[in-house]
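Below are the chains, spelled out letter by letter.
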Amino acid sequence: MKEDVLGHTIAPGQEMKGNIYFEIPVDLEEGWMSYTPEPGHDKTAEWLIVFPKD
């Protein structure tokens, strides 16, 4: 993932709202997404995402 994927650097104490889009394989049933505030730091949040089938 590129460092500037959001298009902006978010300073400590500031917020940014908007949508983030991801391409995922059509046959993916679930996957983990994690948030790391800066490269080289520990992740601070993690989510298991289940992709429903139509």
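Residues numbered from 1 in each chain as written. Predicted model: local features only at pLDDT ≥ 70, side-chain atom pairs only at ≥ 80, totals over all residues. Heavy atoms only, no water.

## Comments concerning the overall build of the protein
So, step 1. Helices and strands together make up the secondary structure of the protein, namely zero helices and two strands.
So, step 2. Across the 54 residues that make up the protein, the buried fraction comes to 2%.
So, step 3. Residue pairs at least 24 apart in sequence account for 12% of intrachain contacts in the protein once pairs closer than 6 positions are excluded. (Helix = DSSP H or I, 4+ residues; strand = E, 2+ residues; numbered from the N terminus. Buried < 20%, exposed > 50% of the residue type's maximum accessible area, 1.4 Å probe, protein only. Contact = heavy atoms within 4.5 Å.)

## Thoughts on the pattern of salt bridges
Side-chain pairs of opposite charge can arise where the charged atoms are in close proximity.
So, step 1. Under the definition given, this model contains one salt bridge.
So, step 2. A salt bridge links Lys 43 to Glu 46; the shortest N-O distance between them is 2.8 Å.
So, step 3. Judged by its relative accessible area of 47%, Lys 43 is partly exposed. (Salt bridge = Lys/Arg side-chain N within 4 Å of Asp/Glu carboxyl O.)

## Comments concerning a nonpolar patch on the surface
So, step 1. Together, Ile 20, Phe 22, Ile 24, Met 33, Tyr 35 and Trp 47 make up a nonpolar patch on the protein surface, roughly 600 Å² of accessible area in all.
So, step 2. Along the chain, Ile 24 turns up in the segment before strand E1 (30-35). (Patch = residues over 30% accessible without salt bridge, like charges linked within 9 Å, V, L, I, M, F, W, Y side chains within 5 Å. Areas by Shrake-Rupley, 256 points an atom, 1.4 Å probe, with all protein chains shown as cover.)

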